[in-house]
Amino acid sequence: MPAQPPPVAVEEPGPDLTGPLSWQKLENIESWLDTAQSQRTPEFRIELELQLHEGRVTFAQRDAERANVPHDALRVRLEAARDGFRSLLARNTLMPGQTARAQIGLRASESLLATLTKPTATKPALIVVDRSRWGALSPVPSRLTPLKGQWSRITLHHSAEESSDGKGGSVEDSAHTLRLIQKFHMETGHTWGDIGYHFLIDSGGRIFEGRELKWQGAHAGGKDGSNNTQNIGICMLGDFLRRPPTPAALKSLELLVADLRARFPIAANRLFAHTEFTGSECPGPFLIDWVKKHR
Ligand SMILES: [Zn+2]
């Protein structure tokens, strides 16, 4: 009978590293690095720290290209990777190949960080009045189309009602106007599943949440509503055929468009005025010029 190999000391399992790079894999590495076992195997620990930080940089590069993560969030992830590479390089216990990887990773995280916009602390916060605040009716999901893919364009409208202007009016005045628009879109004028626009801005510069961004809008027409595909609808409350919106409303519009461009892959030239789809007068000459200047 062949001799049995000597019994091996049972170790706690290491992190699951099977399969392609994934957030799950990075989380497995992170929790393993917190264990006592990782302290007893310093060479393996260095290798896994490298993989963790390299993974963070890879994901950040991918998300930066897709423009689907706010820069503030990307910044936090990249700073963690950068500090991790720095700490590895400071230890002087890396193999030459590992030193090279850490240097490459450090440079990649630093150069990507330099391309991100400044932290939000220096920007005015974007405050959006949510649906419950204006008394929105519940949406009817069976009459709505879920967003397919990513938001890729923005279209500007005006509500074309002098009565909805409410210049300097209270949030209640504008909330009342929004309820009327929603009722018109869902009951009296159309049978849509919700208010057609995703955002509405009043003369005081308040930004209201309209249709939730998980649904396509109903605002730009086209065959079977095709112009609404991946198209965020913004409506300026008021009639702007003969006068411009207030400076406060325009400032909020600028902030909202910038915020949406930072969150979604919307190219600079994919900002439109309603009239470009339908030939209507909407949103009036001043806002049509505004759109042309901002793309
Ligand atoms: Zn319009």
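Everything numeric here is computed off the predicted structure, so don't read it as measured data.

Rules behind the numbers
Residues numbered from 1 in each chain as written. Predicted model: local features only at pLDDT ≥ 70, side-chain atom pairs only at ≥ 80, totals over all residues. Heavy atoms only, no water. Donors = N, O, S within 2.8 Å, 3.2 Å for Na, K, Ca; no water. Helix = DSSP H or I, 4+ residues; strand = E, 2+ residues; numbered from the N terminus. Buried < 20%, exposed > 50% of the residue type's maximum accessible area, 1.4 Å probe, protein only. Pairing = 2+ DSSP bridges. Contact = heavy atoms within 4.5 Å. Axes fitted to C-alpha atoms, helices over the stretch in contact; angles between N-to-C directions.

Asks: Honestly, the coordination of the zinc ion in this entry has me stumped. Any pointers?
Replies: Octahedral six-donor coordination of a metal ideally yields angles of 90 or 180 degrees, compared with 109.5 degrees for tetrahedral four-donor coordination. Distances from the zinc ion to its protein donors, H157 (ND1), H274 (ND1) and C282 (SG), fall at 1.9 to 2.3 Å. Positions of the donor residues of the zinc ion, expressed as sequence spacing, correspond to H-x116-H-x7-C. With H157 in strand β2 (residues 153-158) and C282 in the loop between α9 (275-278) and α10 (285-293), this residue pair connects regions lying 125 residues apart in the sequence. Note on H157: relative accessible area 1%, which makes it buried.

Asks: Looking at this structure, how should I read the sheet that holds strand β5 (residues 231-236)?
Replies: In a beta sheet, neighbouring strands pair by backbone hydrogen bonds and run either parallel or antiparallel. Taken in spatial order, the six strands of this open sheet run β1-β4-β3-β5-β2-β6, and their pairing is mixed. The strands lining the two open edges of the sheet, one partner per strand, are β1 (128-129) and β6 (271-273). As paired strands, β2 and β5 are joined by six bridges and run parallel to one another. Residue pairing in the sheet places L156 in a bridge with I234 of β5. With respect to the sheet, helix α8 (residues 247-263) is in contact with β2, β3 (199-201), β4 (207-209), β5 and β6, its orientation differing from that of β5 by roughly 170 degrees.

Asks: How should I be thinking about the environment of D72 in this particular structure?
Replies: Positionally, D72 belongs in helix α4 (residues 71-90). Assessed through its relative accessible area of 28%, D72 is described here as partly exposed. Separated by 44 residues in the primary sequence, D72 and L116 place their C-alpha atoms 8.4 Å from one another.

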